[in-house]
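In case you want the letters, here they are:
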Amino acid sequence: MYLVTGATGTVGRAVVDQLLAAGLPVRAITRRPETADLPAGVEVVRADLGDPDSLPPALAGVRKVFLSTTGTEIPRHDANLAAAAVTAGVEHIVKLSSGRAGDPAATDPIPAWHRAGEDAIRASGIAWTMVRPMGFMSNALHWARSVRESSIVRAPFGHGRIAVVDPRDIAAVSTAALVEPGHVGRVYVLTGPEALSPGEQTATIAEIIGRPLRFEEISPEDAEADLLRFGVDPELAAAIMALRATALESFTSTVHPTVADVTGRSPRTFQEWALENRAQFTAA
């Protein structure tokens, strides 16, 4: 049995699909099974990583875990899962982490939270693999509404460039680490094939949807205010902005060959991702 946490998220859902395609038994945990909308064949179990007492039944009979956690509670949630996994006899945990978790100079919250989560998993004694994507192509979906309504993309740090990666490639590496030998104790930093600025991503989306778009750089303060306006917790909003600021560092623009090394195929381009998600930028 393979347990997937974060199964309704972008990467977790792709891991579920890829495990099912391989004919493997999949269990997913969620706090709200009634709204999970997962494929037939997935065993959906109600559990909460913030509630240690809910985890033993979810882990019963599980051999391997894909662990995806987000937000300010990453360290506690990862530690709770690791402790319950030890008791359940889990053999291997594949953790979706942060691309900068391995950089000791990265003291901003999100890589620090993930670093603490990684430490808890290592301390558990369970075999592990750390998957560290540098940035998600799917973050561009945050621009979809303004693209549809005003043909404008607004983002801070316009000169920053990130080698963003398709979530399906993140899932492909994670699935390989779960089901194939040879991945225990490995750390995989994942990127797409090229580093792109927000303006370059905007130009690609414009090409895909067939109409001109304008990129408008906004201040970090305005970007954080937008997050707060959409209901993001203030601590998390500040952490997201600190992470966004690292787009100005060379670390985020470095292209890594890991996706091809692990999966045997080249990572998907931003153009391919945008074409697949074209309707998000054009639908009413």
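See the structure shown above.
The structure presented is a predicted model; accordingly, all values stated were derived computationally and were not measured.

Visitor: Got a sec to walk through the overall build of the chain? Specific residues and values, please.
Guide: When helices and strands are tallied, the chain shows twelve helices and nine strands. For 284 residues, the compact-globule formula gives about 19 Å, and the C-alpha radius of gyration of the chain, at 19 Å, lands near that figure. Projected onto the principal axes, the alpha-carbon positions of the chain cover approximately 55 × 40 × 35 Å. Split into buried and exposed, the 284 residues of the chain put 49% on the buried side. In the chain, the proportion of contacts linking residues at least 24 apart, taken out of those at least 6 apart, comes to 73%. A total of about 12,600 Å² of accessible surface is found on the chain, and carbon and sulfur atoms cover 52% of it. Positive and negative side-chain charges of the chain, numbering 26 and 33 respectively, have mean locations separated by a distance of 3 Å.

Visitor: Describe the nonpolar core, naming the residues involved and giving the relevant values.
Guide: Counting residues in each nonpolar core, the largest one holds 28 residues, and the members touching the most others are V4, V15 and F66. Ranked by residues supplied to this core, first place goes to helix α6 (residues 167–179) with six residues. Beyond its immediate stretch of four places on either side in the chain, F66 contacts L3, V4, T5, V11, G12, V15, V94, L96, S174 and L178. In terms of nonpolar packing, the next biggest core, distinct from the first, is built from 21 residues, I29, V45, I93 and W128 among them.

Visitor: Kindly report on unusual backbone geometry, identifying the contributing residues and their values.
Guide: Here the phi dihedral of D37 falls at roughly 55°; this positive angle occurs in a residue that is not glycine. Assignment of secondary structure puts D37 in the loop between β2 (26–30) and β3 (42–46). On the accessibility criterion, D37 (66% relative accessible area) is exposed. The backbone phi angle of S151 is positive, close to 60°, even though this residue is not glycine.

Visitor: Describe the sheet that holds strand β8 (residues 187–190), with residues and values.
Guide: Taken in spatial order, the seven strands make up an open sheet running β3-β2-β1-β4-β5-β6-β8, and their pairing is parallel. Here the strands that pair on one side only, and so sit at the sheet edges, are β3 and β8. Going from strand to strand, the sheet's axes swing by 20° on average, the running direction of each strand aside. Contacting β4 (64–68) and β5 (92–96), helix α3 (residues 74–88) runs over the sheet at an angle of about 170° to β5. Taken strand by strand, α6 contacts β1 (2–4), β4, β5, β6 (127–133) and β8, and its axis lies near 170° from that of β5.

Visitor: Describe the packing of helix α1 (residues 10–21) against α6, naming the residues involved and giving the relevant values.
Guide: If you want to describe how two helices pack, look at the angle between their axes and the distance between the axes. Packing of α1 against α6 brings their axes to within 8 Å, and their N-to-C directions diverge by 50°. When the axis of α1 is compared with that of α6, the two are oblique. In the packing of α1 onto α6, the handedness of the crossing is right-handed. Listed contacts from α6 to T10, V11, A14, V15, Q18 and L19 of α1 are P167, R168, I170, A171, A172, S174, T175, L178 and V179.

Visitor: Which residues make up the packing of aromatic side chains, and what are the values?
Guide: Overall, the coordinates contain two aromatic pairs when judged by the stated rule. Between F270 and W273, the ring centres sit 5.4 Å apart and the planes meet at 25°, which makes this aromatic pair stacked. A residue pair is termed a helical-turn pair when its members lie 3 or 4 positions apart in one helix, as F270 and W273 do in helix α11 (residues 270–276) at three residues. Among the residues examined, W273 registers a relative accessible area of 3% and is labelled buried. Each ring, one from W273 and one from F281, has its centre 6.2 Å from the other, and the planes form 75°; the classification is edge-to-face. No difference in accessibility class separates W273 from F281, as the two residues are buried. Members of the aromatic cluster, connected to one another through ring pairs, are F270, W273 and F281. When the ring centre of W128 is taken as reference, the NZ or CZ atom of R122 above it lies at 4.5 Å.

Visitor: How would you sum up helix α4 (residues 109–124)? Please name residues and give values.
Guide: One full turn of an α-helix is made of 3.6 residues, so residues set three or four places apart face in the same direction. Helix length check: α4, at 16 residues, gives a terminal C-alpha distance of 23 Å against a target of 22 Å (1.5 Å per residue), a fit within 8%. By the burial criterion, the buried members of α4 are I110, P111, W113, H114, G117, E118 and I121. Along the axis of α4, the buried positions cluster into a sector of 160°, meaning they face one direction only. Buried residues in α4 make contact with β4, α3, β5, β6 and α9 (234–245). Downstream of α4 by a residue or two, G125 has a phi angle that is positive, lying close to 85°.

Conventions used here
- Residues numbered from 1 in each chain as written.
- Predicted model: local features only at pLDDT ≥ 70, side-chain atom pairs only at ≥ 80, totals over all residues.
- Heavy atoms only, no water.
- Helix = DSSP H or I, 4+ residues; strand = E, 2+ residues; numbered from the N terminus.
- Rg over C-alpha atoms; globule rule 2.2 N^0.38 Å.
- Buried < 20%, exposed > 50% of the residue type's maximum accessible area, 1.4 Å probe, protein only.
- Contact = heavy atoms within 4.5 Å.
- Areas by Shrake-Rupley, 256 points an atom, 1.4 Å probe, with all protein chains shown as cover.
- Lys, Arg positive; Asp, Glu negative; His and termini not counted.
- Charge placed at Lys NZ, Arg CZ, Asp CG, Glu CD.
- Core = buried A, V, L, I, M, F, W, Y, C linked by side-chain atoms within 4.5 Å.
- Pairing = 2+ DSSP bridges.
- Axes fitted to C-alpha atoms, helices over the stretch in contact; angles between N-to-C directions.
- Parallel < 35°, antiparallel > 145°, perpendicular 65-115°, else oblique.
- Left-handed = near helix turned anticlockwise from the far one by under 90°.
- Phe/Tyr/Trp six-rings, centres within 6.5 Å; stacked < 30°, edge-to-face > 60°.
- Lys NZ or Arg CZ within 6 Å of the ring centre and 35° of its normal.
- Expected span 1.5 Å × (residues − 1).
- Arc of directions from axis to C-beta.

Read these as geometric descriptors, not functional statements.
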